[in-house]
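These are the residues of each chain, in order.
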Amino acid sequence: MSERFDAAVIGAGMAGLAAAKLLARAGKTTILLEASARSGGRVVTLKSDTGTAIELGPEFVHGKAEPIFSLAREAGVELVSIADRHFQKSGGRFAELKHAWQPPGGIGAAQALSAPFWGMLFIAGEATDHEYPGTVAGALASGARAARQALQALQG
Ligand SMILES: Cc1cc2nc3c(=O)[nH]c(=O)nc-3n(C[C@H](O)[C@H](O)[C@H](O)COP(=O)(O)OP(=O)(O)OC[C@H]3O[C@@H](n4cnc5c(N)ncnc54)[C@H](O)[C@@H]3O)c2cc1C
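Counting from 1, residues in each chain are numbered in the order their sequence is written. Totals for whole chains, interfaces and linings use all residues, but because this is a predicted model, local features are given only for residues with pLDDT of at least 70 and pairs of side-chain atoms are given and counted only at 80 or more.

> I tried to follow the overall build of the protein chain on my own but got confused; where do I start?
Secondary structure summary: the protein chain contains four helices and six strands in total. A run of H or I in DSSP becomes a helix once it reaches four residues, and a run of E becomes a strand once it reaches two; helices and strands are each numbered from the N terminus. Helices (α) and strands (β) of the protein chain occur, in sequence order from the N terminus, as β-α-β-β-β-α-β-β-α-α. Looking at the protein chain as a whole, 27% of its 156 residues are labelled buried. We call two residues in contact whenever the C-beta atoms placed from their backbones are within 7 Å. The long-range share in the protein chain, meaning contacts at least 24 apart out of those at least 6 apart in sequence, stands at 45%. A residue is called partly exposed when the number of other C-beta atoms within 10 Å of its own lies between 12 and 20, exposed at 12 or fewer, and buried at 20 or more, with C-beta atoms placed from the backbone.

Structural data, given as structure tokens:
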């Protein structure tokens, strides 16, 4: 049996899930293909015997990340502010860092990585977002951007 879809999204991490959601909401038949046995990508939540959630991946919202805030509003999830300091161990000593993580890539990397192919292949993923690289917010924003590009291509 063969089936046709308007769009195929490869990878069910946060970027792929965001892209698939927007494409489906726009009325496009969409298939989401994931290589592993579960969705979520680097978002991995274990449940302890007592039901407590243990996050093996992301658990913090870094900065004023609107893509996360809007998802939290949509899901009715409350975000709690916490004070934070970040340290890196190097040569047996801890040094305080200004940021929680080092954004990947060099200047222009996100733009280069997000360039579409043949007007029909649109690249998402946190490393392709220049505003919130390395974060769930960046993954969500990149998925939304790739979905908008795909919708534009489907119209044209
Ligand atoms: C330990 C840890 C802690 C983190 N903490 C935070 C945090 O506190 N806050 C924060 O904002 N971010 C945090 N991050 C970063 C955040 O998890 C990532 O930026 C975000 O989840 C990346 O999402 P993505 O969709 O871009 O990629 P991924 O999550 O990597 O998703 C890619 C998906 O594509 C699938 N895939 C790959 N190749 C193929 C293929 N050929 N065919 C089909 N499927 C394929 C993979 O299996 C995967 O499911 C953390 C990451 C880690 C590892």
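Right, picking up where we left off after that structure.
> Is there a simple way to explain the site of the ligand in this structure?
Being near a molecule or strand means, for a residue, that its backbone-placed C-beta atom lies within 6 Å of it. Surveying the vicinity of the ligand reveals 26 residues, the closest of which are Gly11, Gly13, Gly41, Pro58 and Thr135. The set of elements that each furnish at least two residues to the shell around the ligand consists of helix H1 (14-25) and helix H4 (136-155). Of the residues assigned to the shell around the ligand, the class counts are twelve nonpolar, ten polar and four charged. By the convention adopted, Pro, Cys, Tyr, Trp, Phe, Met, Ile, Leu, Val and Ala count as nonpolar, Lys, Arg, Asp and Glu as charged, and the other residues, Gly among them, as polar.

> Even after reading the chapter, I still don't get the packing of helix H2 (residues 66-75) against H4, so can you show me in this structure?
Any two packed helices are characterised by how steeply their axes cross, that is the angle between the axes, and by the distance between the axes. Lines fitted to C-alpha atoms define the axes here, with helix axes fitted over just the stretch in contact, and angles between the N-to-C directions of these axes take values from 0 to 180 degrees. It is at 7 Å that the axes of H2 and H4 come closest, and there the two elements cross at 85°. The angle between H2 and H4 places the two elements in the roughly perpendicular class. The segment H2 lies against H4, with Pro67, Ile68 and Leu71 engaging Val136, Ala137, Leu140 and Ala141. Of the residues in the contact of H2 with H4, the class split is seven nonpolar, no polar and no charged. Relative orientations are named as follows: roughly parallel for angles under 35 degrees, roughly antiparallel for angles over 145 degrees, roughly perpendicular for angles from 65 to 115 degrees, and oblique for any other angle.

> When you look at the environment of Lys89 in this model, what are you seeing that I'm missing?
With respect to the secondary-structure elements, Lys89 resides in strand S5 (residues 86-90). In this structure, the C-alpha to C-alpha distance between Lys89 and Thr128, residues 39 residues apart in sequence, is 28 Å.

> Any chance you could explain H4 here in plain terms?
The α-helix winds at 3.6 residues per turn, so residues separated by three or four positions along the chain end up facing the same way. Taking 1.5 Å of rise per residue, the 20 residues of H4 would be expected to cover 28 Å, and the 29 Å separating its terminal C-alpha atoms lies within 8% of that figure. In this structure, the buried residues of H4 make contact with strand S1 (7-10), H1 and H2. The span one expects for a helix is its residue count, reduced by one, times 1.5 Å.

> Teacher, can you tell me more about the packing of H1 against H4 here?
Here H1 crosses H4 at 40°, and the two axes come no closer than 7 Å. Here H1 lies oblique to H4, going by the angle between them. Considering only the axes of H1 and H4, their crossing is right-handed. Only Val136, Ala139, Leu140, Ser142, Gly143, Ala144, Ala146, Ala147, Ala150 and Leu151 of H4 make contact with H1, whose side of the interface consists of Met14, Ala15, Gly16, Leu17, Ala18, Ala19, Leu22 and Leu23. Helix crossings get a hand from a simple test, with the near helix turned counterclockwise from the far one by less than a right angle marking a left-handed crossing and a clockwise turn marking a right-handed one.

> Where do I start with the environment of Leu22 in this structure?
As for its placement among the helices and strands, Leu22 is situated in helix H1. A tally of 21 C-beta atoms within 10 Å means that Leu22 is categorised as buried. The sequence separation of Leu22 and Ala72 amounts to 50 residues, and the corresponding C-alpha distance is 16 Å. Setting aside anything within four residues of it in sequence, one finds Leu22 in contact with Ala144 and Ala147.

> Just checking my understanding: could you explain the nonpolar core for this structure?
Nonpolar side chains in soluble globular proteins generally cluster together in the buried interior. Structurally, a nonpolar core is described as a collection of buried Ala, Val, Leu, Ile, Met, Phe, Trp, Tyr and Cys residues joined by way of C-beta atoms within 7 Å. Counting residues in hydrophobic clusters, the biggest one holds 24 residues, and the most contacted among them are Met14, Ala18, Ala19, Leu23, Ala137 and Leu140. Counting only elements with at least two residues in this core, the list comes to S1, H1 and H4. Sequence-distant contacts of Ala19, defined by excluding residues within four places in its chain, comprise Val9, Ala124, Gly143, Ala146 and Ala147.

Without other data, these values stay purely geometric and don't point to any function.
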